[in-house]
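Read off the chains here:
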Amino acid sequence: MKFSAALNAARRRNDLDEVMNANEPVDLVIIGGGITGVGTALDAVTRGLNTVLIEKHDLGFGTSRWSSKLAHGGLRYLAKMDLQIAHNSAVERGILMTRTAPHLIHSLPQVTALGADTNLFQKSAMRLGFIAGDLLRISAGTSSRVLPHSHYASPKQTLALCPAVSRDRLRGAWVNYDGQMVDDARIVSAIARTAAGYGAKILTRVEALRMSAHEVQVRDTVRGQTGVIPARAVINATGVWAAGLDTDIHIRPSRGTHLIFSAERLGNPRGSLTVPLPGSISRYLFILPAPHHRVYLGLTDEDNPGPIPDVPETPDADIDFLLRNINLALEQPLSCDDVIGTFTGLRPLIDNGGGGAAADVSRKHALIRSCEGAFSVVGGKYTEYRLMAEQCLDRVLAASGIRAGACRTRDLPIIGAHRHPDFRGVSRDALVGLPKPLVRRFGREAPLVAQAEIARPLEYLDGTDVTRAEVAFALTHEGAMNVADILQRRTRLGLVKDDASRVDAEVQEIIAEIAEKGNYDVIA
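Cut-offs and rules
- Residues numbered from 1 in each chain as written.
- Predicted model: local features only at pLDDT ≥ 70, side-chain atom pairs only at ≥ 80, totals over all residues.
- Heavy atoms only, no water.
- Helix = DSSP H or I, 4+ residues; strand = E, 2+ residues; numbered from the N terminus.
- Areas by Shrake-Rupley, 256 points an atom, 1.4 Å probe, with all protein chains shown as cover.
- Lys, Arg positive; Asp, Glu negative; His and termini not counted.
- Charge placed at Lys NZ, Arg CZ, Asp CG, Glu CD.
- UniProt positions renumbered as here; feature names shortened; annotations may be inferred.
- Salt bridge = Lys/Arg side-chain N within 4 Å of Asp/Glu carboxyl O.
- Buried < 20%, exposed > 50% of the residue type's maximum accessible area, 1.4 Å probe, protein only.
- Pairing = 2+ DSSP bridges.
- pLDDT = per-residue confidence, 0-100.
- Contact = heavy atoms within 4.5 Å.
- Domains from an automatic or database assignment.
- Buried area = accessible area lost by both parts, 1.4 Å probe.
- Polar contact = N/O pair within 3.5 Å; in protein donor to acceptor, adjacent residues only side chain to side chain.
- Nonpolar A, V, L, I, M, F, W, Y, C, P; charged D, E, K, R; others polar.
- Axes fitted to C-alpha atoms, helices over the stretch in contact; angles between N-to-C directions.
- Parallel < 35°, antiparallel > 145°, perpendicular 65-115°, else oblique.
- Left-handed = near helix turned anticlockwise from the far one by under 90°.
- Core = buried A, V, L, I, M, F, W, Y, C linked by side-chain atoms within 4.5 Å.
- Phe/Tyr/Trp six-rings, centres within 6.5 Å; stacked < 30°, edge-to-face > 60°.

Comments concerning the overall build of the chain
The number of helices and strands found in the chain is 14 helices and 18 strands. Overall, the chain is about 70 × 55 × 45 Å in size when its C-alpha atoms are taken along their principal axes. When the accessible surface of the chain is summed, it comes to about 20,800 Å², and 51% of that surface belongs to carbon and sulfur atoms. A gap of 6 Å separates the mean positions of the 60 positive and 58 negative side-chain charges of the chain.

As structure tokens, then:
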């Protein structure tokens, strides 16, 4: 039986009513609509399990939208001798770039300049590290056509990739390649929609009040109704909020902050300027080219004790730290006046009681079973979401006595990829004439997006590269239910407040037009 991959308010109501009034338990309830939750939902439903995912807010609402947008191959973990994570990351990066989401991830040159800001030891260590990265890529089976070999770049080539780099004693650069996502939140929503296309029920705005081995008490935050979803197994994939459902779990949140700048301010870089922190060979800052004519500067890695907010604030200390250290490598220093936006996420690291700096805490994931029998998956890295889902689901099924097929996600394309069953008939010719940013964000699904029943569908929102059709599509197919869903998690225009303010009224007009034509609820 084939299901629609469209997520919208009407489908949400129907699916929620069905599971709340069911006489039989579903096979699996997953709590949390971040990358781990949607990845587990896709794995489960393609094994033949009756799968329900619930999310308190919106898809990609939490940590999964605050990453550096890199499909990281694990190079930094080699320096820490964390060889298993390094290898797993390289393998999973290759799967993402060649099978799962080749339309949403591309190779990015990472440029480490050889100038006055690096000493001889760091320069040598970086070159050895990049050679090791090449070996890691080869061992993972990823072709150099996908990720080129690392190499030396002349000073002229270095400046062409990263024009803002300091010229002081610049002798060129080492260039390594990693995967860069079009957007982390977009990958989350695409995976969720792919799972929905295979029959999973993806229910946003449904809060888990309590979980046990065989049921989840829930509240529909749209209609205010409460109920119970019975299940043969329950997995808590709420990341940094996991302890809210199982108090025996101990999370050590680590704060990762990025700053946003105009790409023009840094010369419109085509590569990622990668800068080692003074005195370190394993921690780096980087300036990443980003969508919408922006660049991101990151990344901090600091403990963040205390209550866990829905949307973390960006401390002034993080801004000062990033500016102070990146300016060591720039020709023209950046100041606070250049910052046009910030975003901060909390990594769900496992607190093993060992102390030490947050940057040194392991990124390994773990599956923990509560005293009531529910499971929680915590820790891990975005790039390894698929492997986490496979390993954890194998253990959950074995422990619960649930029979299912083998994992299929290692070679399963997500929606928009040319190998996805719904898009094998969409040729490259069908993409000709469509806006390039639209194609980058949707792949072979772009022609469908362009057919949105909205006035002037391919006209850009004021001062952006986002079309009006994408706003409509977010509501009719991607599960968005309000302006914030569209600006903050479908288009990411909300990362810069000025961008969001400029288009807010037009987005509301489009939502109103679409809502009049169909059964698409809009909430505050």
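Let's talk about the UniProt feature "domain: Alpha-glycerophosphate oxidase C-terminal" (unreviewed entry) in the chain
Taking the UniProt record as the reference, the feature "domain: Alpha-glycerophosphate oxidase C-terminal" (unreviewed entry) is found at residues 407–513. As annotated, residues 407–513 has a helix share of 43% and a strand share of 0%, and its two end C-alpha atoms lie 42 Å apart.

As for the pattern of salt bridges
What the rule picks out here adds up to 37 salt bridges. Here Arg347 and Asp301 are joined by a salt bridge, their closest N and O atoms 3.1 Å apart. A residue pair is termed long-range when its members are at least 10 positions apart, and Arg347 in strand 16 (residues 341–350) and Asp301 in the loop between strand 14 (294–298) and strand 15 (302–303) qualify at 46 residues. When its relative accessible area of 16% is taken as the criterion, Arg347 is described as buried. Taken together, the shared-partner salt bridges in this structure form one network comprising Asp58, Arg205, Asp485, Arg489 and Arg490.

Considering the pairing of strand 9 (residues 215–220)
The two faces of a sheet get side chains in turn, since along a regular strand they alternate between them. Residues Val216, Val218 and Asp220 of strand 9 are buried on one face, while the alternating residues Glu215, Gln217 and Arg219, pointing to the opposite face, are not. Relative to strand 9, strand 8 (residues 206–211) runs antiparallel, the two sharing 5 bridges. In the sheet register, Met211 faces strand 9, and the bridge partner there is Val216. Between strand 8 and strand 9, which follow one another and run antiparallel, lie 3 residues.

Some points on the confidence of the model for the chain
For the chain, per-residue confidence averages 92 on the pLDDT scale, and residues scoring 70 or more make up 95% of the total. In this model residues 356–362 is a low-confidence stretch, pLDDT under 50, and it forms 21 contacts with partners more than four residues away in sequence or in other chains.

Quick look at the domain arrangement of the chain
In many analyses, interface size is given as the accessible surface area lost on bringing the parts together. For the chain, the assigned domains read domain 1 (9–64 + 185–250 + 361–411), domain 2 (105–182 + 254–348) and domain 3 (428–517). Computed over C-alpha atoms, the centres of domain 2 and domain 3 are 29 Å apart. Taken together, the contact pairs 9 residues of domain 2 with 10 residues of domain 3. Both sides together, the interface formed by domain 2 and domain 3 hides about 740 Å², and carbon and sulfur atoms give 58% of it. Between Asp499 and Arg294 there is a salt bridge, and its shortest N-O distance comes to 2.6 Å. The tally of links from domain 2 across to domain 3 stands at 3 residue pairs in polar contact (both at pLDDT 80 or more). Residue assignment for the side of domain 2 that touches domain 3 shows that the elements contributing at least two residues are strand 14 and strand 16. Among the elements that line the side of domain 2 that touches domain 3, the one with the most residues is strand 16, at 3 residues. Here the residues of the side of domain 2 that touches domain 3 are counted per class, giving 5 nonpolar, 3 polar and 1 charged.

Description of the packing of helix 13 (residues 483–490) against helix 14 (residues 497–517)
When two helices pack together, their arrangement is captured by the angle between the axes and the distance separating the axes. Two numbers describe how helix 13 lies on helix 14: the axes approach to 9 Å, and their chain directions differ by 130 degrees. By the angle class used here, helix 13 and helix 14 are oblique. Seen from above, helix 13 lies across helix 14 with right-handed handedness. Note on element contacts: helix 14 touches helix 13 through Ala500, Val503, Asp504, Val507, Gln508 and Ile511, opposite Val483, Ile486 and Leu487. By residue class, the composition of the contact of helix 13 with helix 14 is 7 nonpolar, 1 polar and 1 charged.

A closer look at unusual backbone geometry
Leu299 follows Gly298 through a cis peptide bond whose omega is 20 degrees. Mapped onto the secondary structure, Leu299 falls in the loop between strand 14 and strand 15. The phi dihedral of Arg169 falls on the positive side, at around 55 degrees, and the residue is not glycine. Looking at the element boundaries, Arg169 is found in the loop between helix 6 (155–161) and strand 6 (173–181). Even without a glycine there, the phi angle at His293 is positive, about 65 degrees. Summarising the element assignment, His293 is placed in the loop between strand 13 (284–290) and strand 14. Its relative accessible area of 57% is what places His293 among the exposed residues.

Here's the deal with the nonpolar core
Formed by 81 residues in total, the largest nonpolar core has its most connected members in Ile202 and Phe261. By residue number, the principal contributor to this core is helix 7 (residues 184–197), which donates 7 residues. In this structure, this core is formed jointly by two domains, domain 1 (9–64 + 185–250 + 361–411) and domain 2 (105–182 + 254–348), each of which donates at least three residues. Ignoring anything within four residues of it in the chain, the contact list for Phe261 reads Leu266, His293, Arg294, Val295, Leu297, Leu323, Leu334, Ser335, Asp338, Val339 and Ile340. Counting 28 residues, the second largest nonpolar core, distinct from the first, contains Ala450, Val466, Ala480 and Leu487.

Quick look at the packing of aromatic side chains
Applying the stated criterion across every chain, the model contains 4 aromatic pairs. Ring plane angle 25 degrees and centroid distance 6.0 Å describe the contact between Trp66 and Phe343, whose orientation is recorded as stacked. In this pair, Trp66 is assigned in the loop between strand 2 (51–55) and strand 3 (70–71) and Phe343 in strand 16, connecting sequence segments 277 residues apart. Here Trp66 matches Phe343 in class, with each residue buried.

Some thoughts on the side chain of Arg386
Residue placement: Arg386 occurs in helix 9 (residues 385–400). Side chain to side chain, Arg386 and Thr409 meet in a polar contact 3.1 Å long. Those residues in contact with Arg386 that sit more than four places away from it in its chain are Glu92, Ile95, Cys407, Thr409 and Arg410.

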